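What follows is each chain in one-letter form.
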Amino acid sequence: KNEVEQSPQNLTAQEGEFITINCSYSVGISALHWLQQHPGGGIVSLFMLSSGKKKHGRLIATINIQEKHSSLHITASHPRDSAVYICAVRSTQGGSEKLVFGKGMKLTVNP
Amino acid sequence: KAGVTQTPRYLIKTRGQQVTLSCSPISGHRSVSWYQQTPGQGLQFLFEYFSETQRNKGNFPGRFSGRQFSNSRSEMNVSTLELGDSALYLCASSRAIRWNTGELFFGEGSRLTVL
């Protein structure tokens with residue numbers, strides 16, 4: 001079982017829809033990142049969370065440390081939101097820290 | 001403000017060769033971390049440097065190494081290349097002194113093809 005699981009793996013939505021992407025993890029963490037990757041490879045950091053909730057524009061990220069779960073919400077989705085969304089956790093195991101990534105969720109928003 | 005710069009962007013090597021990739025962080029950022037991305041394994045953490053010292057390391061063989069210079073620029077080296085090393089190599093920089101507290105800023109990546 002992967003240490004970081006994302007669901008769904010793929011999602012196609014219509015413009016304007018509310019979208020939720022889920023991330024569950026099984027390790028102890030100090031922080032969680034939501035990343036966005038467009039075709040061509042460039043990665044943009046959307047949020048870094050260690051507790052609670054953050055909002056930036058149409059994006060909202062929440063984390064529940066007790067349940068080891070985070071969600072990324074996109075309100076009023078737009079075709080430019082089409083990208084791969086990756087959840088990553090800062091894990092501390094074996095005395096060292098590392099970033100562990102989920103497999104990503106490919107989002108396609110149709111006009 | 002210039003972003004994270006990685007060079008070269010694309011390169012082709014043959015099995016057994018070695019390769020060196022370069023990463024220039026955002027000015028003022030002292031932490032640089034490296035990642036490998038492949039279609040099969042996704043993104044994986046390679047290592048992280050801060051003030052010329054490797055602080056954290058992922059689960060990669062010793063053929064993968066890196067270093068950081070006094071100006072915070074970093075290089076990673078892969079020796080004795082294997083076909084499976086074909087990947088997008090990404091670096092990220094952070095302003096934070098403690099690695100687990102800083103937002104990451106990624107470069108565009110270096111795409112390595114091993115023939």
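Let me begin by describing the structure that accompanies this report. Just so it is clear, the structure is predicted and the values come from calculations on it, not from any experiment.

1. Here we look at the nonpolar core
Point 1. With 25 residues, the main nonpolar core has A:Leu32, A:Trp34, A:Leu72 and A:Tyr85 as its most contacted residues.
Point 2. Core analysis: the second largest hydrophobic core is formed by 21 residues, B:Val4, B:Cys23, B:Trp34 and B:Phe60 among them.

2. Some details on the packing of aromatic side chains
Point 1. Considering all chains together, one arrives at five aromatic pairs over all chains under this definition.
Point 2. Plain terms: the ring middles of A:Phe101 and B:Tyr35 are 5.5 Å apart, the flat faces sit at 90° to each other, and that makes the pair edge-to-face. One end of the pair, A:Phe101, is in strand E10 (residues 96-101); the other, B:Tyr35, is in strand E4 (residues 31-38), on a second chain. Just as A:Phe101 is buried, B:Tyr35 falls in that class too.
Point 3. Summarising the aromatic geometry, the rings of B:Tyr35 and B:Phe106 are spaced 5.7 Å apart at their centres and angled 45° between planes, so their arrangement reads as tilted. Here B:Tyr35, found in strand E4, pairs with B:Phe106, found in strand E10 (residues 105-106); they are 71 residues apart in sequence, far enough to count as distant.
Point 4. For B:Tyr35, a relative accessible area of 0% corresponds to the buried category.
Point 5. Accessibility expressed as a relative area gives 10% for B:Phe106, which makes it buried.
Point 6. An aromatic cluster is built from A:Phe101, B:Tyr35, B:Phe45 and B:Phe106, whose rings are joined through pairwise contacts.

The rules behind these values
As a convention, each chain's residues are numbered from 1 in the sequence order in which they are written. Whichever chain is written first becomes A and whichever ligand is written first becomes 1, with later ones labelled in order. Where totals are concerned, whole chains, interfaces and linings use all residues; where local detail is concerned, this predicted model gives features only for residues with pLDDT of at least 70, and gives and counts side-chain atom pairs only at 80 or more. To get the side-chain values, all heavy atoms of the structure are used, and hydrogens and water are removed first. Nonpolar cores are built from buried Ala, Val, Leu, Ile, Met, Phe, Trp, Tyr and Cys residues. Side-chain atoms within 4.5 Å join them into one set. Burial classification: accessible surface area is computed with a 1.4 Å probe over protein chains only, and a residue below 20% of its type maximum counts as buried, one above 50% as exposed, and the rest as partly exposed. Pairs were defined over the aromatic rings of Phe, Tyr and Trp, the Trp ring being its six-membered one, requiring ring centres within 6.5 Å. Orientation was assigned from the angle between planes: stacked under 30 degrees, edge-to-face over 60, tilted for the rest. In this text, helices come from DSSP runs of H or I with a minimum length of four residues, and strands from runs of E with a minimum of two, each type numbered from the N-terminal end.

Keep in mind these values describe shape, not function.
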